[in-house]
Amino acid sequence: MRKAIHYALCKPTKEGLYAAMPQDVVFVAKPLLDTLVYRAGSLVCAAWFEAAIAWGLTPRVRQYSLLAVAALWVANSFWVGLLAEREQEAREGAKAKANGRAAML
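Remember, it's a predicted structure, so these values are computed and weren't measured experimentally.

So, how was this worked out
Residues numbered from 1 in each chain as written. Predicted model: local features only at pLDDT ≥ 70, side-chain atom pairs only at ≥ 80, totals over all residues. Heavy atoms only, no water. Helix = DSSP H or I, 4+ residues; strand = E, 2+ residues; numbered from the N terminus. Rg over C-alpha atoms; globule rule 2.2 N^0.38 Å. Areas by Shrake-Rupley, 256 points an atom, 1.4 Å probe, with all protein chains shown as cover. Salt bridge = Lys/Arg side-chain N within 4 Å of Asp/Glu carboxyl O. Buried < 20%, exposed > 50% of the residue type's maximum accessible area, 1.4 Å probe, protein only. 1 Å grid on protein atoms, 1.4 Å probe; cavity = no way out; pocket = protein on both sides within 12 Å on 5 of 7 lines; lining within 4 Å. Points joined across faces, edges and corners; volume = space filled by probe spheres on them. Nonpolar A, V, L, I, M, F, W, Y, C, P; charged D, E, K, R; others polar. Lys, Arg positive; Asp, Glu negative; His and termini not counted. Contact = heavy atoms within 4.5 Å.

Q: How should the overall build of the chain be read in this particular structure?
A: A count of helices and strands for the chain gives three helices and zero strands. In the chain, the succession of helices and strands from N to C terminus is α-α-α. Here the C-alpha atoms of the chain give a radius of gyration of 20 Å, more than 25% beyond the 13 Å that 2.2 N^0.38 yields for 105 residues. Along the first, second and third principal axes, the C-alpha set of the chain runs to 70 × 25 × 20 Å. Carbon together with sulfur atoms contributes 71% to the accessible area of the chain, which is approximately 9000 Å² in total.

Q: Please clarify how the pattern of salt bridges should be interpreted in this entry.
A: Pairing is possible between side chains that carry opposite charge, provided their charged atoms lie close to one another. Applying the stated criterion across every chain, the model contains one salt bridge. Arginine 91 is paired through a salt bridge with glutamate 87; the nearest N and O atoms lie 3.6 Å apart. Pair noted here: arginine 91 and glutamate 87 are both in helix α3 (residues 59–104), with a separation of four residues, about one helical turn. Residue classification places glutamate 87 among the partly exposed positions, given a relative accessible area of 45%.

Q: Sorry if this is basic, but what is going on with the layout of surface pockets here?
A: Space left empty within the atom packing is revealed by a probe, the size of a water molecule, rolled over the atoms. Of the volumes computed, that of the largest pocket is approximately 1900 Å³. What lines the largest pocket is a set of 38 residues, and nearest its centre among them are Lys14, Leu17, Val37, Trp73 and Ser77. For the lining of the largest pocket, the elements supplying multiple residues, two or more each, are α1 (2–18), α2 (23–54) and α3. Of all the elements, α3 adds the most residues to the lining of the largest pocket, at 14 residues. Taken together, the residues of the lining of the largest pocket sort by class into 21 nonpolar, nine polar and eight charged.

Q: Quick question: what am I supposed to make of the side chain of arginine 62 here?
A: With respect to the helices and strands, the residue arginine 62 is situated in helix α3. Glutamate 50 provides the closest opposite charge to the buried, unpaired arginine 62, separated from it by 9.8 Å. Ignoring sequence-local partners within four residues, the contact set of arginine 62 consists of Phe49, Ala52, Ile53 and Leu57.

Pasting the structure below:
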């Protein structure tokens, strides 16, 4: 189930983020995200689970804490998406201005 969700939702979403990036940035960012960040996330999750058990947190408390982290992650993703849209609109506006100036010449 995890692999199906990963390949159906996560992977296309992640690949979509690279669509608006220049190729030189993609060649640097993609391997970094695919290896370092993905593995670090797995390590942090495993460490959190071990620490939560060591602290004696009940399953319900662990669920709520992970739900809070997921809500923060969604808010962060929404904010980054808004920033990306603004950047793309600014880039398109600059390109339109440049094309307008070129047409005047």
